[in-house]
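Descriptive structure summary
Okay, here's what each chain looks like letter by letter:
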Amino acid sequence: MTTFETFLEGQKANGLSGELIAVLAEIAQATRKISDTLKTSALDGLTGATEETNVQGETQKPLDILSNDILLDACRKVPSVSFAVSEELDAEVAIHAGGKYAVIFDPLDGSSNLDVNVTVGTIFSVIEAKTAQDILKTGRHQLIAGYAAYGPQTTLVLTTGKGVQIFTLNGDGIYVLTTADAKIVPEAKEFAINAARRASWDDVVAAYIEDAIDSGHNMRWVGSMVADTHRIFNRGGVFLYPADRNKPASGGRLRLLYEANPIGLLVEAAGGEAIIGDSKILDIEPTGLHQRVPVIFGSKAEVDKLAAAYGARVLEAAAE
Ligand code: AHG
Ligand code: MN
Ligand code: MN
């Protein structure tokens, strides 16, 4: 049985720096704490909403704030962490002056599902950043990306640049490796989109969804990107959160730095594709910590159809 700890030993032997291993170990520990906190949150009065709104203009839930604090504490335990960037905080937080890695996270993704006991998650990304300016670099620069999905099981899905590993938390609080090299099947007949927003779709998305329905594709929409992503890792499919055709510059709902980029790195590492339309998510030059982008990712054949329709050439010379 390979555990997260023995996996980290293997990573060290493969050249992952001790500093990055320390960052990853503390993030994993933070997800264990968040998982435990969620399990009894209804008993501990941690449901409902606070009076606070975050920089996104969204009402914060007690567990958003608690999860954010757990991750900040984790960052503070690792001397090599320079900054933390969170969906819940307006600006980057300076952690250790001599640090070299920024930890960027959505502490609790899908928090509208918290009070209805539906899977939520934590999304994280690690990049080299000695100054605040260094934080705004493309998703290709991510050294680590991953998410924890808190559902019937708690799973940790991550990449350190060589494939995607999936761990499942056992009854003793140990993450056990359950998939050593996760791949997203290239073909699939299932799409994830919030169909209630149909009026805001651009022509490409509208035509794709119409054709998918006519071809007998199924639809799933959890309202938690991590849950939809995890399903795609397990059985393929395509996830779409388009920009509003009437407000294309708004970029849609999802944020580049701590949702689109980490998921994009995982998806590409598993043989899938992740685009914003006519370019790949991982090539977008960020302009701000909370920048929103349209997001389309998943099974390569399906995403390539959309990319082609956007007139983009999504070619993988290296992968051919
Ligand atoms: P968060 O809870 O971190 O704000 O993220 C929620 C996101 C994403 O997880 C999900 O796919 C999407 O919001 C759902 O959006 P709609 O409610 O518009 O469907
Ligand atoms: Mn989110
Ligand atoms: Mn969130």
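Residues numbered from 1 in each chain as written. Chains lettered and ligands numbered in written order. Predicted model: local features only at pLDDT ≥ 70, side-chain atom pairs only at ≥ 80, totals over all residues. Heavy atoms only, no water.

Positive phi, normally seen in glycine, also occurs at Asn117, with a value near 55°. Looking at where Asn117 falls in the secondary structure, it is placed in the loop between β3 (101-109) and β4 (120-128). For Asn117, a relative accessible area of 74% corresponds to the exposed category. (Helix = DSSP H or I, 4+ residues; strand = E, 2+ residues; numbered from the N terminus. Buried < 20%, exposed > 50% of the residue type's maximum accessible area, 1.4 Å probe, protein only.)

Another aspect to go through is the packing of aromatic side chains. By the definition in use, this model includes 8 aromatic pairs. Considering the side-chain rings of Phe4 and Phe167, the 5.4 Å spacing of their centres and the 85° angle between planes classify their relative orientation as edge-to-face. Taken as a pair, Phe4 in helix α1 (residues 4-13) and Phe167 in strand β7 (residues 165-169) lie far apart in primary sequence, 163 residues in all. Take Phe4 and Phe167: they sit in the same class, and that class is buried. (Phe/Tyr/Trp six-rings, centres within 6.5 Å; stacked < 30°, edge-to-face > 60°.)

If you look at the biggest cluster of nonpolar residues, it comprises 39 residues, and the most contacted ones within it are Phe4 and Leu156. Beyond its immediate stretch of four places on either side in the chain, Leu156 contacts Phe4, Ala28, Phe124, Tyr147, Ala148, Gln165, Ile166, Phe167 and Tyr175. Grouped together as the second largest cluster of nonpolar side chains are 38 residues, Ile104, Val157, Phe239 and Leu289 included. (Core = buried A, V, L, I, M, F, W, Y, C linked by side-chain atoms within 4.5 Å. Contact = heavy atoms within 4.5 Å.)

What follows covers the coordination of the manganese ion (ligand 3). Reference geometry at the metal: tetrahedral coordination by four donors gives ideal angles of 109.5 degrees; octahedral coordination by six donors gives 90 or 180 degrees. Looking at the manganese ion (ligand 3), one finds its protein donor set to be Glu87 (OE), Asp106 (OD) and Leu108 (O), positioned 2.3 Å from the metal centre. Mapped onto the sequence, the residues coordinating the manganese ion (ligand 3) show the spacing E-x18-D-x1-L. A separation of 3.7 Å is found between the manganese ion (ligand 3) and the manganese ion (ligand 2), both of which receive a donor from Asp106. On the criterion of sequence distance, the pair formed by Glu87 in the loop between β1 (81-86) and β2 (93-94) and Asp106 in strand β3 is long-range, its members being 19 residues apart. Take Glu87: its relative accessible area is 3%, and that puts it in the buried class. (Donors = N, O, S within 2.8 Å, 3.2 Å for Na, K, Ca; no water.)

At this site the manganese ion (ligand 2) is bound by Asp106 (OD), Asp109 (OD) and Glu259 (OE), with donor distances of 1.9 to 2.2 Å. Taken in sequence order, the residues that donate to the manganese ion (ligand 2) follow the motif D-x2-D-x149-E. The exposure class of Asp109 is buried, given its relative accessible area of 4%. On the accessibility criterion, Glu259 (1% relative accessible area) is buried.

What follows deals with the domain arrangement of the protein chain. If you check the domain split of the protein chain, you get domain 1 (4-179) and domain 2 (190-319). Computed from C-alpha atoms alone, the centre-to-centre distance between domain 1 and domain 2 is 22 Å. Listed per partner, the contact involves 43 residues of domain 1 and 33 residues of domain 2. Roughly 2,900 Å² is buried in total at the junction of domain 1 and domain 2, and carbon and sulfur atoms are behind 62% of that figure. Considering only the surface of domain 1 that becomes buried against domain 2, Leu136, Arg140 and Tyr147 emerge as the three largest contributors, covering 22% of it. Between domain 1 and domain 2 we count 5 salt bridges in total. The salt bridge partner of Arg255 is Glu58, with a shortest N-O separation of 3.5 Å. At the boundary of domain 1 with domain 2, the tally comes to 19 residue pairs in polar contact (both at pLDDT 80 or more). (Domains from an automatic or database assignment. Buried area = accessible area lost by both parts, 1.4 Å probe. Salt bridge = Lys/Arg side-chain N within 4 Å of Asp/Glu carboxyl O. Polar contact = N/O pair within 3.5 Å; in protein donor to acceptor, adjacent residues only side chain to side chain.)

Further remarks concern the packing of helix α5 (residues 225-235) against helix α6 (residues 256-269). At a minimum axis separation of 12 Å, α5 and α6 run at an interaxial angle of 10°. When the axis of α5 is compared with that of α6, the two are roughly parallel. Counted together, Met225, Thr229 and Phe233 of α5 and Glu259, Ala260, Ile263, Leu266 and Val267 of α6 form the full contact between these two elements. Grouping the amino acids of the contact of α5 with α6 by side-chain chemistry returns 6 nonpolar, 1 polar and 1 charged. (Axes fitted to C-alpha atoms, helices over the stretch in contact; angles between N-to-C directions. Parallel < 35°, antiparallel > 145°, perpendicular 65-115°, else oblique. Nonpolar A, V, L, I, M, F, W, Y, C, P; charged D, E, K, R; others polar.)

Next up on the list: the site of ligand 1. In the region of ligand 1, 19 residues are neighbours, and Asp109, Gly110, Asn194, Met225 and Tyr241 sit closest. Here Asp109 contributes a side-chain N or O atom positioned 2.7 Å from an oxygen atom of ligand 1. Glu259 places a side-chain nitrogen or oxygen 3.5 Å from an oxygen atom of ligand 1. Relative to its unbound accessible surface of 470 Å², ligand 1 loses 90% to contact with the protein. (Near = heavy atom within 4 Å. Areas by Shrake-Rupley, 256 points an atom, 1.4 Å probe, with all protein chains shown as cover.)

Below, the discussion takes up the pattern of salt bridges. As enumerated under the stated definition, the model contains 18 salt bridges in all. For Arg231, the salt bridge identified is with Asp228, shortest N-O distance 2.9 Å. Taken as a pair, Arg231 and Asp228 lie in helix α5 at a separation of 3 residues, close to a single helical turn. Each member of the pair Arg231 and Asp228 is classed as buried. Through salt bridges with shared partners, a single ionic network connects Glu58, Glu87, Arg253, Arg255 and Glu259.

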